[in-house]
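Given next are the chains, with one letter for each unit.
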Amino acid sequence: MLLFSFVLIPLSEAQSAADEQTQKAWATLIAWGEGVTSAEGVFRQIERRSDGRRRELEGVFAFVKPLRFRWTIERPFVQVTVSDGTTLTVWDPELRQATVQPLDPAALRAGPLAFFLAPETLPEQFTLERFTQAGGVLRWSLRARTDDAVVRRVEVTIADERLRALTIEDALGQTSELLFTRFERTMPQPEAFQLTLPPDAVVLRTPQGAAAAETPR
């Protein structure tokens, strides 16, 4: 019995230490996310699909909490996604087509944008698989708590207090790696979240919660 107790004490202490490290890692990530109330910058996006196909996108972004953002793909095609806080618009200038729908804050906070919009909810959606810190580079690897989650895994990399990379794996096994070549905590101009469509634009309106189909490329 004494031997059994002797074994349990170190194991319990080790578990407590691990739990404390996990809590500290979460606290660091949440504090960083909450501290970024607005930002703009440049990104490169590498998409790897489950069938082995790959494509690279480049563009710029801007956001202001709680719900205003602009995500513009500039290469190899142009596509603009804008939220003014109440309406989400996806504009394809090549097709002269816009998809417009009411913004669903709950859906945004349940997806990858939760990292920016509601970082305090991340521990409810993910478990922390790994946290590393070396040379000023912090990296978190997160895994979804449920098997039916839209986002299966997320990896966040922060260096010098700037977001450097965000990797997202969805339920279909497709991976999107976002590399932020510029990430500045600046306040975008209000017009960044306004989108004026040309008179000949075809506007498709969808109900709240309906996802706009991606433009085939």
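You'll find the structure just up there.
Keep in mind that what you see is a predicted model, and the values were worked out from it rather than measured.

1. As for the side chain of Asp-92
Inspection of the secondary structure assignment puts Asp-92 in strand β5 (residues 87-92). Using a relative accessible area of 2% as the deciding quantity, one classes Asp-92 as buried. Separated by 3.0 Å, the side chain of Asp-92 and the backbone nitrogen of Glu-94 make a polar contact.

2. Brief notes about the packing of aromatic side chains
Evaluated as defined, the whole model comprises 7 aromatic pairs. Between Phe-131 and Trp-140, the aromatic rings sit 5.1 Å apart at their centres with planes inclined by 40°, giving tilted as the arrangement. The class of Phe-131 is partly exposed, set by a relative accessible area of 30%.

3. What about the pattern of salt bridges?
Using the criterion set out here, one finds 16 salt bridges in the structure. When the shortest N-O distance is used, the salt bridge between Asp-200 and Arg-96 registers 3.0 Å. On the criterion of sequence distance, the pair formed by Asp-200 in the loop between β11 (175-184) and β12 (202-205) and Arg-96 in the loop between β5 and β6 (97-102) is long-range, its members being 104 residues apart. Through salt bridges that share partners, Glu-129, Arg-152, Arg-153 and Glu-169 make up one connected network.

Definitions and limits used
- Residues numbered from 1 in each chain as written.
- Predicted model: local features only at pLDDT ≥ 70, side-chain atom pairs only at ≥ 80, totals over all residues.
- Heavy atoms only, no water.
- Helix = DSSP H or I, 4+ residues; strand = E, 2+ residues; numbered from the N terminus.
- Buried < 20%, exposed > 50% of the residue type's maximum accessible area, 1.4 Å probe, protein only.
- Polar contact = N/O pair within 3.5 Å; in protein donor to acceptor, adjacent residues only side chain to side chain.
- Phe/Tyr/Trp six-rings, centres within 6.5 Å; stacked < 30°, edge-to-face > 60°.
- Salt bridge = Lys/Arg side-chain N within 4 Å of Asp/Glu carboxyl O.

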